[in-house]
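# Summary of structural features
Given next are the chains, with one letter for each unit.
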Amino acid sequence: MTRNEARENMMQIIYELDASKTMTEENASKLTDERLVGNHKKRGCALLCSIIENIEHIDNIINVNSNSWKTTRMPKVDVAIMRLALGEIFYCDDIPTAVSINEAINLAKKYSTEQSSRFIHGVLGAAIKSNEK
């Protein structure tokens, strides 16, 4: 399993947990055990647990930087992609910010629309700029 495949699986796990309203660290751990292999299990579980633990902060960052769109009105797949990217940016020191943003755009192109990839790029870019201040 490549890092890209692991990232894709983690995005799907975030989406599934959100859609089923079962966003808990226990459920994240169970799903990472089922879907990730090797070193990706431990790293993926740690990242997903960090995202879940800080979900309100992450969603607030998305909401503040999305120009009047709120996560409750956004497509769930777009929210899952942005949560994963911001989780990597804030909680994974070994992944460059540019890589997380680029991978988020690629996931959006694969799982959402062309407009979504541009929207996600804009929100993540604004979030990074506002976080640097």
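The notes below deal with the structure included here. Everything numeric here is computed off the predicted structure, so don't read it as measured data. (Residues numbered from 1 in each chain as written. Predicted model: local features only at pLDDT ≥ 70, side-chain atom pairs only at ≥ 80, totals over all residues. Heavy atoms only, no water.)

### Considering the nonpolar core
Quick reminder of the rule: Residues grouped as a nonpolar core are buried Ala, Val, Leu, Ile, Met, Phe, Trp, Tyr and Cys residues, joined through side-chain atoms within 4.5 Å. Partly exposed describes any residue whose relative accessible area lies between the buried limit of under 20% and the exposed limit of over 50%, with all areas from a 1.4 Å probe on protein chains only and scaled to the type maximum. Strands here mean DSSP runs of E at least two residues long; helices mean DSSP runs of H or I at least four residues long; both are numbered from the N terminus. Whether two residues are in contact is decided by their heavy atoms: any pair within 4.5 Å suffices.
By size, the foremost hydrophobic cluster in this structure holds 39 residues, and its most contacted members are Ile51, Ile81, Leu84, Leu86 and Leu124. Among the secondary structure elements, those contributing two or more residues to this core are α1 (3-19), α2 (25-35), α3 (39-53), α4 (55-64), α5 (76-91), α6 (97-111) and α7 (114-132). The biggest single contributor to this core is α5, with 9 residues. Beyond its immediate sequence surroundings of up to four residues, Ile51 is in contact with Ile14, Ile58, Arg83, Leu84 and Gly87.

### Here we look at the packing of aromatic side chains
Here is the rule: Pairing of aromatic side chains here covers Phe, Tyr and the six-membered ring of Trp, requires ring centres within 6.5 Å, and sorts the geometry by plane angle: under 30 degrees stacked, over 60 edge-to-face, intermediate tilted. Only when the NZ atom of a Lys or the CZ atom of an Arg is both within 6 Å of the ring centre and within 35 degrees of the ring normal do we say a charge sits over the ring.
For the structure on display, the rule yields 1 aromatic pair. Note on Phe90 and Tyr91: the rings are 6.2 Å apart at their centroids and 70° apart in plane angle, and the pair reads as edge-to-face. The partly exposed category is assigned to Tyr91, whose relative accessible area is 28%. Seen from the ring of Trp69, Arg73 lies directly overhead, with NZ or CZ sitting 4.7 Å from the centre.

### A look at the environment of Met74
Here Met74 lies in the loop between α4 and α5. Residues in contact with Met74, not counting those within four places in the same chain, are Ile62, Ser66, Trp69, Val79, Met82 and Phe119.

### Some details on the pattern of salt bridges
Note the cut-off: Here, a salt bridge means any Lys or Arg side-chain nitrogen found within 4 Å of an Asp or Glu carboxyl oxygen.
Across all of its chains, the model carries 10 salt bridges by this definition. For the salt bridge of Asp59 with Arg83, the shortest nitrogen-to-oxygen distance reads 2.7 Å. One end of the pair, Asp59, is in helix α4; the other, Arg83, is in helix α5, and 24 residues separate them in sequence. With a relative accessible area of 14%, Asp59 lands in the buried category. What emerges from the salt-bridge pattern is a single network uniting Asp18, Asp59, Lys76 and Arg83.

### Details of the side chain of Arg7
By the secondary structure assignment, Arg7 is in helix α1. With relative accessibility at 3%, the residue Arg7 sits in the buried group. Setting aside anything within four residues of it in sequence, one finds Arg7 in contact with Leu84, Glu88, Ile95, Val99, Glu103 and Leu107.

### Quick word on empty space enclosed by the protein
The method is simple in principle: a probe with the dimensions of a water molecule rolls over the atoms, and the space it marks as empty is what remains. The cut-off we apply is this: Site definitions follow a grid-based scheme: protein atoms alone, a 1 Å grid, a 1.4 Å probe that fits but cannot get out for cavities, and for pockets an open set with protein on both sides within 12 Å along at least five of seven lines, plus lining residues having an atom within 4 Å of a point. Grid points are joined across faces, edges and corners, and a volume is the space filled by probe spheres set on the points.
Enumeration over the complete set of coordinates arrives at 1 cavity of 30 Å³ or more. Volume-wise, the largest cavity comes out at about 30 Å³. Together, Arg7, Ile81, Leu84, Ala85, Glu88, Ser100, Glu103, Ala104 and Leu107 line the largest cavity. Broken down by secondary-structure element, the contributors of at least two residues to the lining of the largest cavity are α5 and α6.

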